[in-house]
Amino acid sequence: YSYSSTHKEQNDPFSLVADELSMVANRLRLMVVTEVPKLASAAEYFFKMGVEGKRFRPTVLLLMATAMNISILEPSLRGPGDALTKELRARQQRIAEITEMIHVASLLHDDVLDDADTRRGIGSLNFVMGNKQLAVLAGDFLLSRACVALASLKNTEVVSLLAKVVEHLVTGETMQMTTTCEQRCSMEYYMQKTYYKTASLISNSCKAIALLGGQTAEVAMLAYEYGKNLGLAYQLIDDVLDFTGTSASLGKGSLSDIRHGIITAPILFAMEEFPQLREVVDRGFDDPANVDLALDYL
Ligand code: GRG
């Protein structure tokens, strides 16, 4: 989970796609080239070396592509020579890049919504530029570049899959901001929100990798299910780390969810065991003393 790009142990799945991940990082920098100085510096800030985040999504997608292509490149199914493989792989790489671009756009907007001052271990864009509007526009800019790259794949099914994901990101975030007490305390609501906010992007991108790889609808659906479960698990871990991590390990402040009044899985599980925690949750977390009270139950 806390992978660093210098870490290349044998059998480490990241090392299987390490070269391609550098290619993706280079292309991301090219994809955000613009002559508009403010947008250029905003995009550079996020895509410069060392501020790349964990690259979880591109890594999973490239590994998924590797697994899928091995299965379709059985000798009996193989196309004419290497050209097919290279072309196919390049198109799948585009999905890894587009996915990361959409993800980063959502992080830029998220930091504005949360008024966050730290991201990926450094100042968030809204904080360092001292300008929330610019961070929103930079997110829009990345989203637009992602759309152009997506359209260039000329695959309408894949375009609509990823376009729908953007709606899901917005829906998940909106569900998180506008919940009533009843909704906030329901595991069902939490899982639905988590699917929209986190799992939809990785699951639909996994499906896109399968579709571009010429896999059957059945295999594409399995890829989707795999990505969905992985995305849900990723967010559950992220939620736990918000309570257990440190600023250094998280790259941002800990306890950020509860301080923003966001009820995540650890609280929901604790509430099942200690029903009296519900009263604390209902009082809200504007008062830091209430945060401390809730933490006693975890
Ligand atoms: C503009 C596309 C767009 C969306 C607007 C703000 C918003 C709607 C959605 C926010 C979605 C969001 C931030 C979900 C959280 C997903 C998540 C687990 C983020 C952390 O991902 P990591 O840990 O981050 O992979 P790094 O920095 O490693 O890439």
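Residues numbered from 1 in each chain as written. Predicted model: local features only at pLDDT ≥ 70, side-chain atom pairs only at ≥ 80, totals over all residues.

**Quick word on the overall build of the protein chain**
- Of regular secondary structure, the protein chain possesses 16 helices and two strands.
- Sorting the 298 residues of the protein chain into buried and exposed places 33% on the buried side.
- Summarising the internal contacts of the protein chain: among those between residues at least 6 apart in sequence, 70% fall at separations of at least 24. (Helix = DSSP H or I, 4+ residues; strand = E, 2+ residues; numbered from the N terminus. Buried ≥ 20, exposed ≤ 12 C-beta atoms within 10 Å, placed from the backbone. Contact = placed C-beta atoms within 7 Å.)

**Brief notes about the confidence of the model for the protein chain**
- Residues at a pLDDT of 70 or more form 90% of the protein chain, whose mean pLDDT is 87.
- Note on residues 1-8: pLDDT under 50 across the span, and seven contacts to partners over four residues away in sequence or across chains.
- Here the predicted complex carries an ipTM of 0.98, next to a pTM of 0.90. (pLDDT = per-residue confidence, 0-100.)

**Some points on the site of the ligand**
- Within the structure, the ligand sits among 21 residues, and Gly-53, Lys-54, Ser-106, His-109 and Asp-110 are positioned closest to it.
- Of all elements in the fold, only helix 5 (82-114), helix 7 (132-151), helix 8 (156-177), helix 10 (187-212) and helix 11 (217-244) reach the threshold of two or more residues within the shell around the ligand.
- Per-element accounting of the shell around the ligand gives the leading share, seven residues, to helix 5.
- Broken down by class, the residue content of the shell around the ligand amounts to nine nonpolar, six polar and six charged. (Near = placed C-beta within 6 Å. Nonpolar A, V, L, I, M, F, W, Y, C, P; charged D, E, K, R; others polar.)

**Quick word on the nonpolar core**
- Within the largest apolar cluster, 51 residues are counted, with the highest numbers of intra-cluster contacts made by Leu-61, Met-101, Leu-142 and Ile-209.
- When contributions to this core are tallied by element, the ones reaching two or more residues are helix 2 (18-31), helix 3 (37-47), helix 4 (56-72), helix 5, helix 7, helix 8, helix 10 and helix 11.
- In contact with Leu-142, other than residues within four places in its own chain, are Val-32, Ala-43, Met-101, Val-104 and Ala-105.
- Among the nonpolar cores identified, the runner-up in size contains eight residues, and Ile-258, Leu-277, Val-280 and Val-281 belong to it. (Core = buried A, V, L, I, M, F, W, Y, C linked by C-beta atoms within 7 Å.)

**Overview of helix 7**
- Between the first and last C-alpha of helix 7 there are 29 Å, a value that for 20 residues agrees with the 28 Å anticipated at 1.5 Å per step.
- Looking only at helix 7, the buried set comprises Ala-135, Ala-138, Gly-139, Phe-141, Leu-142, Arg-145, Ala-146 and Leu-150. (Expected span 1.5 Å × (residues − 1).)

**Some points on unusual backbone geometry**
- If you check the backbone angles, Lys-154 has positive phi at about 50 degrees while not being a glycine.
- As for its position among the elements, Lys-154 is in the loop between helix 7 and helix 8.
- If you check the backbone angles, Leu-255 has positive phi at about 60 degrees while not being a glycine.
- Along the chain, Leu-255 falls in the loop between helix 12 (247-250) and helix 13 (256-259).
- Taking the number of C-beta atoms within 10 Å as the measure of exposure, Leu-255 has 15 and is therefore partly exposed.

**A word on helix 8**
- Under the 1.5 Å per step criterion, the end-to-end length of helix 8 is 32 Å for 22 residues, consistent within 8% with the ideal 32 Å.
- Looking at helix 8, one finds that the buried residues are Val-158, Leu-161, Leu-162, Val-165, Leu-169, Gly-172 and Gln-176. Seen end-on, helix 8 carries its buried residues on one side only, within an arc spanning 95 degrees. Along helix 8, exposed side chains directed more than 90 degrees from the buried face belong to Thr-156, Ser-160, Ala-163, Lys-164, Glu-167 and Met-177. (Arc of directions from axis to C-beta.)

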